[in-house]
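Observations on chain architecture
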Protein chains: 2
Amino acid sequence: MINERLTKLRGKMSKEGIRWCMIPTCDYHGSEYLADYYKVRDFFSGFTGSAGTLVVSQNDAYLFTDGRYFIQAADQLKGSSIQLMKMGEPGVPKVTELIINSINKGEKLGFDGRVVDSETGLNFEKELEAKECSVIYDFDPTEGIWEDRPGLVYNKPFILDVKVAGESVKSKIERIRLKMDEKKTDVHIVTALDDIAWILNMRGNDVENNPVFFAFLVITDNKVVLYANIDDRDILSYLAQNDIEIEKYEEFFEKGMQSVNICTKKGILLDKTGANYKIIKAIGSNIAVIDEMNPSTYMKAIKNECEIENIKIANIKDGAAVVRFDRWLKEAIANNENLTELSVSKKLASFREENESYIEPSFDTIAAFGYHGAIVHYEPTAETDIQIGRNSFLLIDSGGQYAEGTTDVTRTYGIGEVATKLKHDYTLVLKANLKLLNFKFMKGCRGNHLDIVARDFFWSEGRDYKHGTGHGIGALLNVHEGPNNIRWNIPEGKQPGVIYEPGMVTSDEPGVYIENEYGIRTETDMLCVELETNEYGTFYGFEPLTYVPIDKKPIEIEYLSDEEIRWLNNYHMTVREKLAPMLRGKDLEYLMDVTEPLKR
Amino acid sequence: MINERLTKLRGKMSKEGIRWCMIPTCDYHGSEYLADYYKVRDFFSGFTGSAGTLVVSQNDAYLFTDGRYFIQAADQLKGSSIQLMKMGEPGVPKVTELIINSINKGEKLGFDGRVVDSETGLNFEKELEAKECSVIYDFDPTEGIWEDRPGLVYNKPFILDVKVAGESVKSKIERIRLKMDEKKTDVHIVTALDDIAWILNMRGNDVENNPVFFAFLVITDNKVVLYANIDDRDILSYLAQNDIEIEKYEEFFEKGMQSVNICTKKGILLDKTGANYKIIKAIGSNIAVIDEMNPSTYMKAIKNECEIENIKIANIKDGAAVVRFDRWLKEAIANNENLTELSVSKKLASFREENESYIEPSFDTIAAFGYHGAIVHYEPTAETDIQIGRNSFLLIDSGGQYAEGTTDVTRTYGIGEVATKLKHDYTLVLKANLKLLNFKFMKGCRGNHLDIVARDFFWSEGRDYKHGTGHGIGALLNVHEGPNNIRWNIPEGKQPGVIYEPGMVTSDEPGVYIENEYGIRTETDMLCVELETNEYGTFYGFEPLTYVPIDKKPIEIEYLSDEEIRWLNNYHMTVREKLAPMLRGKDLEYLMDVTEPLKR
């Protein structure tokens, strides 16, 4: 079937004089999660992982994917003529390298410029020009081939009350216009779906896990145009009240970009990181483009008081659900019930679903027992699902979208008797997590600084974890949100991370991953707050937003300092205070029990 | 007298049609220490501090200096018509702001472009053009006025044996040429005196504390020209052997720059940070200038094995001298001898001078008792000198240039009975110092990361010290050497510090400064070394290079963790091992005593 599809694709390419075709995994907005409509790479390759690029030439086909998917991809590519390209392995070229090195003078590379990020597109353009080759960026590989392609679904979005959003749309647009003016531009194109949702105080349901809707937004110095397929009268009237014009989503690439070119006198403010190549190509060559982070990306990272209050409510609701799950889990294990990764994952979802303001998971739940825990992005499927055994860890990383906000929490549970080595590592993760949560720092610190405060414990043992210590989190928005994040490394030639400011919400999630053995991660969402201003300057710190008890059983108490024990006990007191009013009966008893202070 | 000089200057300005004149504190190379020849600002203002800029207009005169010198400058300006401009105080403009805001259309600003850094010069050029004003950059304010101006003295430099330098001149130039080629340039101008000394394996004595000689160096793809006033036959023959042509120092600005312009076909590699404005203006406008750090600046920061061995020898010699001083100090205090900051400073110098390979101090000794310790850059003079009293700290920050290398050490001595609060702060500084010295980190860390490892102890108490935690140190070169340094802050729009690599030498010197009360600083020079490479990656750490006991008396032992006590004891064992062979009799007994392990 795959080979048939490739044959059709090659025929189509041939007709259009295209020798090479690239099919990435992306939508028009660079979103993290994709609607089915965008699963073009899946269609042509049979590979269903969340990341990968298919490259098809007249003779060959290659699927590029990363370490998370080597096994799955090898399996799914069986029987096809597609070669698996293991990204990051020695000797494996990058997608651009393969194409640029293989393409012959005069040949054409085709792709759909709407699903290729601008940097990749511009790079191809430059490199291929040097080889006297060209790029065809309006080549849609699916046209006439993928006959039962699912349509793009435009679900009805909803409006956030200003009491929840904390700031009116008009105020947000006013602040954005000040920034446009500062950057000497009069037009601003917003392509990031979460930024559009934030600016308009609206949320949607077009993308899995992310409460956003398909749209482009154009802000000029005197009007705002939303390109989105909305026909609900209330929403249309809401938009009108906010002086927002509406156009069809499909009109953006042609009519929208034409009007942008006509409107601008000074220049266009556009965050190229998120913009696709087709947009870049649609901008008149005489027009100045200021490539900077969207003003809204930074603004939405600094949560306002309403948002913070609501995020706390969401986390209280979420914490109560997770505590009820924890109690159920402990009992089920004590009763030797037959549990698997998928069954506990479903059970956890069911506790969240009981809450009326719960909308959906904020990402696909990771429930990993034993050696599965060492696979950082493991997600149990019917094929991989294993039983919850004994004498190891069960790592659960999950979160919810609630009417009030977004949650993300990881707890690792010691199941059965946990060996000394495992306890040591569990305690190591806990120390790192608590240290960052309780770190007091001067204004001016960036995520690069904050990361090593947690990582120090690992480095001192000559160990490390191969992911950042934290990511920004949206307010009823994407669970992964920039620009704030906690990552130590500043690659050569790159800018450091943003300076931390009160109102930023970030996860704190160090981890241990021992291949083929076990994985441990403890994740607490944190709010950046001001602690004091004195003669030395201004000091910031963090306040926990996740209220979920940390399993005390696997702790190696001798390895904790008095201060660390105090930090853990303080955290558990906060959890108790926040959750006690939400729980009753045995659940409440359970909460009181697991939040009892740890003593030497 | 000052007013007379200013009158003469104004007459001269008037003749040349100059309305404003700027006299900074600088030599032709942006050196930290100045030869007397360059003390033009002192001559016209009477102010003798190490930093400041004099601005003279036809009507007014202003001296800009920083907080270290407010009192001294106010005093020295008395009786002159010069207004003191306290830099950094609210409402006080910057030098450029004052001039740009005050100058009228069509007026001229004059200065000697050889003592103005290129950034300042270019900034004036741009800002003044906008006001239809112009810059005269060959205006020498001293000509015909400073009649007894001391001449520039060109002392005979000396050659470092390649066994000391560890790398031949030819090899260094070859490495630099590879970098020039990489940057697509064929000419490289080196203006930094320490870089020139390092490249040529030569040292000099033209600048106080810095073992360098006045020179410019031009490296092209096929020749090397040294502009320096050298007439010693041995050195001339050494240069000839290394294929280095020699021209008079004075020829550089005219003949040298003309030849540079003729030589280059591809472009000039020039570190503008250290280059003066006159050099920039002498480059043909059609010539590409690649503004990057001198390749030699980075190369000389990574000390080679010979340099490291020699630096260790210098530190052993220095440590032995300081231990002998310490013993003398303790006895003198016990005997109630009459001691002052200056007298102990001289005594310390006399111990260093006993060593035959000692050359000179590597910077002016800071010997500060009590409240003087809180002034970070305090240097005792006849006017400020006070007695060494009791029940406070004596802070001594000093270092030497030895034939084998450069040292820099700060120790703080508790004199008499030290109160609990002082002990706490002393121990705080010690904890921070030891933590950084013993920090294990992954390759990729920059000084920005390393700084907060030490500073964390201060921040957790809501305190800070207003200087970096460490600076790079030369190998028988400048005691302040880039590009490595340990400073946490990355100002907006600036690049982070360089990545730490084995061979870099940096100080570790946290401090406490309580205004009008006391100051504490503990400084240990450290060598970056590789600790291990394992499945997680490569880990680096530090090895101490300073071998001087740390006063145990003011330690608050309850505040130290077991690990910190172990670190201190390990350090003292290293000091004992290194110094014992250098000491005898009572000095050796003293060493054994003060390096005894600290016990709870």
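Once turned by 180° and shifted 0.0 Å along the axis, chain B lies on chain A with an RMSD of 0.1 Å. Both chain copies can therefore be described as sitting about a two-fold axis. Relative to the rotation axis, the C-alpha of H449 of chain B is the closest in chain B, positioned 2.8 Å from it.

Helix-helix packing: each pair is described by the crossing angle between the helix axes and the interaxial distance. Residue and element names in this part refer to chain A. Running from N to C, helix 15 (residues 420-437) and helix 17 (residues 562-579) point in directions that differ by 75°, and their axes come no closer than 10 Å. By the angle between their axes, helix 15 is roughly perpendicular relative to helix 17. Mapping the contact onto sequence places L430, K431, L434, K435 and L437 in helix 15 and E564, W567, L568 and Y571 in helix 17. Classifying every residue of the contact of helix 15 with helix 17 by side-chain character gives six nonpolar, no polar and three charged.

Here chain A shows a mean pLDDT of 96. Residues at 70 or above account for 100%. Reported confidence for the predicted complex is 0.93 by ipTM and 0.94 by pTM.

Residues and elements named next belong to chain B. The strand order 15-18-19 describes an open sheet built from three strands, whose pairing is antiparallel. A strand with exactly one partner marks an edge of an open sheet, and here the two such strands are strand 15 (358-361) and strand 19 (405-406). Bridging between strand 18 (residues 400-402) and strand 19 involves two bridges; their strand directions are antiparallel. Directly across from Q401, in strand 19, lies its bridge partner T406. Packing against the sheet, helix 13 (residues 305-334) makes contact with strand 18 and strand 19, and its axis sits at approximately 130° to strand 18.

The partner chain A presents 35 residues to the 35 residues of chain B that form the contact. Here chain B meets chain A over a buried area of about 2800 Å², counting both sides, of which 58% is carbon and sulfur. Of all residues in chain B, the largest losses of buried area upon contact with chain A belong to H449, W459 and Y536 of chain B, amounting jointly to 23% of the total for that side. Counting across the interface, chain B meets chain A through four salt bridges. The shortest N-O distance in the salt bridge between K435 of chain B and D456 of chain A comes to 2.6 Å. Counting residues per element, the side of chain B that touches chain A draws most heavily on helix 16 (residues 447-459) of chain B, at six residues. Residues belonging to the side of chain B that touches chain A are distributed by class as follows: 15 nonpolar, eight polar and 12 charged.

Residue and element names in this part refer to chain A. The full count for this structure, using the stated rule, is 60 aromatic pairs over all chains. Ring geometry for Y154 versus Y249: centroids 5.7 Å apart, planes at 65°, classification edge-to-face. You can see Y154 sitting in the loop between strand 6 (134-136) and strand 7 (158-159) and its partner Y249 sitting in the loop between strand 12 (244-247) and helix 10 (252-263), a full 95 residues away along the chain. Seen in terms of ring centroids, F458 and Y465 are 4.8 Å apart; in terms of plane orientation they differ by 80°. Their pairing is edge-to-face. In terms of burial, F458 and Y465 fall into one category: buried. Linked through ring pairs, Y28, Y37, Y38, Y154, F214, F216, Y227, Y249, F252 and F253 together constitute an aromatic cluster. Taking the ring centre of F539 as reference, the NZ or CZ of K440 above it sits at 5.5 Å.

The rules behind each value
- Residues numbered from 1 in each chain as written.
- Chains lettered and ligands numbered in written order.
- Predicted model: local features only at pLDDT ≥ 70, side-chain atom pairs only at ≥ 80, totals over all residues.
- Heavy atoms only, no water.
- Least-squares fit on C-alpha atoms with pLDDT ≥ 70 in both.
- Axes fitted to C-alpha atoms, helices over the stretch in contact; angles between N-to-C directions.
- Helix = DSSP H or I, 4+ residues; strand = E, 2+ residues; numbered from the N terminus.
- Parallel < 35°, antiparallel > 145°, perpendicular 65-115°, else oblique.
- Contact = heavy atoms within 4.5 Å.
- Nonpolar A, V, L, I, M, F, W, Y, C, P; charged D, E, K, R; others polar.
- pLDDT = per-residue confidence, 0-100.
- Pairing = 2+ DSSP bridges.
- Buried area = accessible area lost by both parts, 1.4 Å probe.
- Salt bridge = Lys/Arg side-chain N within 4 Å of Asp/Glu carboxyl O.
- Phe/Tyr/Trp six-rings, centres within 6.5 Å; stacked < 30°, edge-to-face > 60°.
- Buried < 20%, exposed > 50% of the residue type's maximum accessible area, 1.4 Å probe, protein only.
- Lys NZ or Arg CZ within 6 Å of the ring centre and 35° of its normal.

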